[in-house]
Amino acid sequence: MGGAKLEKAEEFLIAANWNLLKSGQSGGGDDGRAGAEDTTVTREELERFTASLNITFGRLFMAQNRPNAHEKALDKLTRGIYQECVEFGPESIYVCPSYFYMGQLFQ
């Protein structure tokens, strides 16, 4: 992948992360909603999106040839895998792709 495409992908991921953080800051009601009354994102969905975003950031850092990219990728993949394991369990089929990406990091 070209450097320009990776930079554009990073910009979009940063924007997605910002939106995710903003939706989680709105507070939370007793009904398990993550934001205000008009928000349709539940706390579980917010955690699932955060896990997915961490995995995607990890994959982005794996593709970059920057200093400390390996450490950043390891950190993001670890966080994403942990969040997926909390939700689905460590032996779930849904966590397998994330384990695969973690394995690629150590090749």
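The structure contained in this document is the topic of the report that follows.

Reading the values: rules and limits
- Residues numbered from 1 in each chain as written.
- Predicted model: local features only at pLDDT ≥ 70, side-chain atom pairs only at ≥ 80, totals over all residues.
- Heavy atoms only, no water.
- Helix = DSSP H or I, 4+ residues; strand = E, 2+ residues; numbered from the N terminus.
- Buried < 20%, exposed > 50% of the residue type's maximum accessible area, 1.4 Å probe, protein only.
- Arc of directions from axis to C-beta.
- Contact = heavy atoms within 4.5 Å.
- Phe/Tyr/Trp six-rings, centres within 6.5 Å; stacked < 30°, edge-to-face > 60°.
- Core = buried A, V, L, I, M, F, W, Y, C linked by side-chain atoms within 4.5 Å.
- Expected span 1.5 Å × (residues − 1).
- Disulfide = S-S within 2.5 Å.

On to the environment of E71. Mapping E71 onto the fold places it in helix α3 (residues 69-88). Separated by 13 residues in sequence, E71 and G58 have C-alpha atoms that sit 9.5 Å apart.

With that out of the way, let us pick up helix α4 (residues 96-105). Structural remark: α-helix, 3.6 residues per turn; residues separated by three or four positions point the same way. Here α4 has its buried residues at S98, Y101, M102 and L105. Along α4, the residues classed as buried sweep out an arc of 100° about the axis, all on the same side. Structurally, α4 contributes buried residues whose contacts are with α2 (43-63) and α3.

Attention now moves to the packing of aromatic side chains. All chains considered together, the criterion is met by three aromatic pairs. Summarising the aromatic geometry, the rings of F57 and F61 are spaced 5.9 Å apart at their centres and angled 25° between planes, so their arrangement reads as stacked. Linking F57 with F61, this pair stays in helix α2, spanning four residues, or about one helical turn. Neither residue differs from the other here; F57 and F61 are each classed as buried. Measuring from ring centre to ring centre gives 6.0 Å for F100 and Y101, while their planes differ by 65°; the resulting arrangement is edge-to-face.

Below, the discussion takes up unusual backbone geometry. Unusually for a residue other than glycine, N68 sits at a positive phi of about 65°. Position of N68 relative to the elements: it lies in the loop between α2 and α3. When its relative accessible area of 51% is taken as the criterion, N68 is described as exposed.

Once that is clear, we can look at the nonpolar core. Counting 17 residues, the largest nonpolar core has F57, L77 and I81 as its most contacted members. Elements that contribute at least two residues to this core include exactly α1 (3-25), α2, α3 and α4. Beyond its immediate chain neighbours, meaning those up to four positions away, L77 contacts N54, I55, G58, M62, Y101, M102 and L105.

Time to look at α2. In a regular helix each residue adds 1.5 Å, so 21 residues correspond to 30 Å; α2 covers 31 Å between its end C-alpha atoms and thus fits that length. Taken as a whole, α2 has its buried residues at L46, A51, L53, N54, I55, F57, G58, L60 and F61.

In a disulfide, the sulfur atoms of two cysteines are covalently bonded to one another. Under the counting rule described, the total for this entry stands at zero disulfides. Cysteine C85 is unpaired, with the sulfur of C96 as its nearest cysteine sulfur at 9.9 Å. Among the residues examined, C85 registers a relative accessible area of 17% and is labelled buried. Of the residues examined, C96 reaches a relative accessible area of 41% and is grouped as partly exposed.

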